[in-house]
Amino acid sequence: ATNENLPPNVIKQLAKELKNLHETPPEGIKVGMNDDNFSVIYADIEGPAGTPYENGLFRMKLLLSHDFPQSPPAGYFLTKIFHPNIATNGEICVNALKNDWNPTLGLRHLLVVIRCLLIEPFPESALNEQAGKMLLENYEGYARHARLLTGIHALKPKPKFKTGAISESTTALNVDQTNTSMKCVDQKNAVSGVAAPQLLPSPLTPKPENGQDYPTAMPSTGETGVSGSKAAPATQKKEAGLNKVPADKRKMDARKKSLKRL
């Protein structure tokens, strides 16, 4: 079925009603919109609290005939459910879709009536005879079986946490704690008069080798070249000159003594 099977005035009315259902959905009901085909209306119905269908999410559909709204739509549950007024193939039996149908009834009214059927079943007009009989004779057994099928086929998914937001907030907290720790160290050093330790070694400080420290005072390369390589020969010449003077004096004394003997 497509929108071509429905009159333009009906399509216009359905579009308006679907938009209203989407913006302000009934309690426990969400309707899906399909602009290409208004002949099939999908809805997700939450199981009412206090019923065997609690915590369940049931998908259903309404099939609109070509002469809608003169004739009622057909309703089906797509999610398996144990209910007196819902057949094993999902067909729904409710007076609003049968004898009580009125062309003026809207989709909102139909959906609300179907959800109310989960709260108050009508076993007298049962499509599922087993469910209707159990409801009348053994309600606890009926409720237990209905809860079992709800847990198997219609259990709502649990909401997931947003890990991205948690990760971002945790990262921001770690950054704040790191900045706070650095500020505390800087403040402590400022109070004690001690400069903050350098994270990188100074390029002017020589790096020790083999675990030994260099002397505190180290001459520069230029000074070593002048005072080390040139000063040593000058000192040796001076000492040689001093040694040479006494030797010459001894020679002069020896010559004087020889002349006196002659």
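Provided above is the structure to which this section pertains.
Residues numbered from 1 in each chain as written. Predicted model: local features only at pLDDT ≥ 70, side-chain atom pairs only at ≥ 80, totals over all residues. Heavy atoms only, no water.

Colleague: Tell me about the overall build of the protein chain, and name the residues and values.
Modeller: Helix and strand counts for the protein chain stand at seven helices and four strands. Helices and strands in the protein chain line up, N terminus first, as α-β-β-β-β-α-α-α-α-α-α. Across the 262 residues of the protein chain, 27% fall into the buried class. Residue pairs in contact within the protein chain that sit at least 24 positions apart in sequence constitute 55% of those at least 6 positions apart. Roughly 19100 Å² of accessible area belongs to the protein chain as shown, and the carbon and sulfur atoms make up 56% of that amount. (Helix = DSSP H or I, 4+ residues; strand = E, 2+ residues; numbered from the N terminus. Buried < 20%, exposed > 50% of the residue type's maximum accessible area, 1.4 Å probe, protein only. Contact = heavy atoms within 4.5 Å. Areas by Shrake-Rupley, 256 points an atom, 1.4 Å probe, with all protein chains shown as cover.)

Colleague: Before we move on, can you summarise the packing of aromatic side chains with the specific residues and values?
Modeller: Taken as a whole and assessed by the stated rule, the structure comprises five aromatic pairs. Between the aromatic rings of Tyr53 and Phe58, the centroid separation amounts to 6.0 Å while the plane-to-plane angle is 80°, which identifies the pairing as edge-to-face. Here Tyr53 matches Phe58 in class, with each residue buried. With 6.3 Å between their ring centres and 70° between their planes, Phe58 and Phe77 make a pair best called edge-to-face. Of the two residues, Phe58 is situated in strand 3 (residues 57-63) and Phe77 in strand 4 (residues 74-77); the sequence distance between them amounts to 19 residues. Across this residue pair, the class does not change: Phe58 and Phe77 are buried. Taken together, the ring pairs in this structure connect Tyr53, Phe58 and Phe77 into an aromatic cluster. (Phe/Tyr/Trp six-rings, centres within 6.5 Å; stacked < 30°, edge-to-face > 60°.)

Colleague: Got a sec to walk through helix 2 (residues 107-119)? Specific residues and values, please.
Modeller: For helix 2, built from 13 residues, the straight-helix expectation of 18 Å at 1.5 Å per residue is met to within 8% by its first-to-last C-alpha distance of 19 Å. Buried within helix 2 are the following residues: Leu107, Leu110, Leu111, Ile114, Arg115, Leu117 and Leu118. Down the axis, helix 2 shows its buried residues gathered within 145° of arc, on one side only. At its buried positions, helix 2 is contacted by helix 1 (8-23), strand 1 (29-32), strand 2 (40-46), strand 3 and strand 4. (Expected span 1.5 Å × (residues − 1). Arc of directions from axis to C-beta.)

Colleague: For the sheet that holds strand 3, give the residues involved together with the corresponding values.
Modeller: The sheet built from four strands is open, its strands ordered 1-2-3-4 with antiparallel pairing. At either end of the open sheet lies a strand with only one pairing partner, and these are strand 1 and strand 4. Between one strand axis and the next, the sheet turns through 25° on average, direction left out of account. Bridge count between strand 3 and strand 4: four bridges; the pairing is antiparallel. The partner of Lys61 across the bridge, within strand 4, is Tyr76. (Pairing = 2+ DSSP bridges. Axes fitted to C-alpha atoms, helices over the stretch in contact; angles between N-to-C directions.)

Colleague: How would you sum up unusual backbone geometry? Please name residues and give values.
Modeller: With an omega dihedral of 10°, the bond running from Phe68 to Pro69 counts as a cis peptide bond. Structurally, Pro69 is set in the loop between strand 3 and strand 4. Phi angles above zero are rare outside glycine, and Asn55 is one such case at about 70°. Relative to the assigned elements, Asn55 resides in the loop between strand 2 and strand 3.

Colleague: Help me get a handle on the nonpolar core, residues and values and all.
Modeller: Counting residues in hydrophobic clusters, the biggest one holds 39 residues, and the most contacted among them are Met60 and Phe77. Of all the secondary-structure elements, those providing two or more residues to this core are helix 1, strand 1, strand 2, strand 3, helix 2, helix 3 (129-137) and helix 4 (139-153). No other element matches helix 2, which puts six residues into this core. Those residues in contact with Met60, other than ones at most four positions away along the chain, are Ile41, Tyr42, Ala43, Ile45, Tyr76, Phe77, Leu78, Ile92, Leu111 and Ile114. (Core = buried A, V, L, I, M, F, W, Y, C linked by side-chain atoms within 4.5 Å.)

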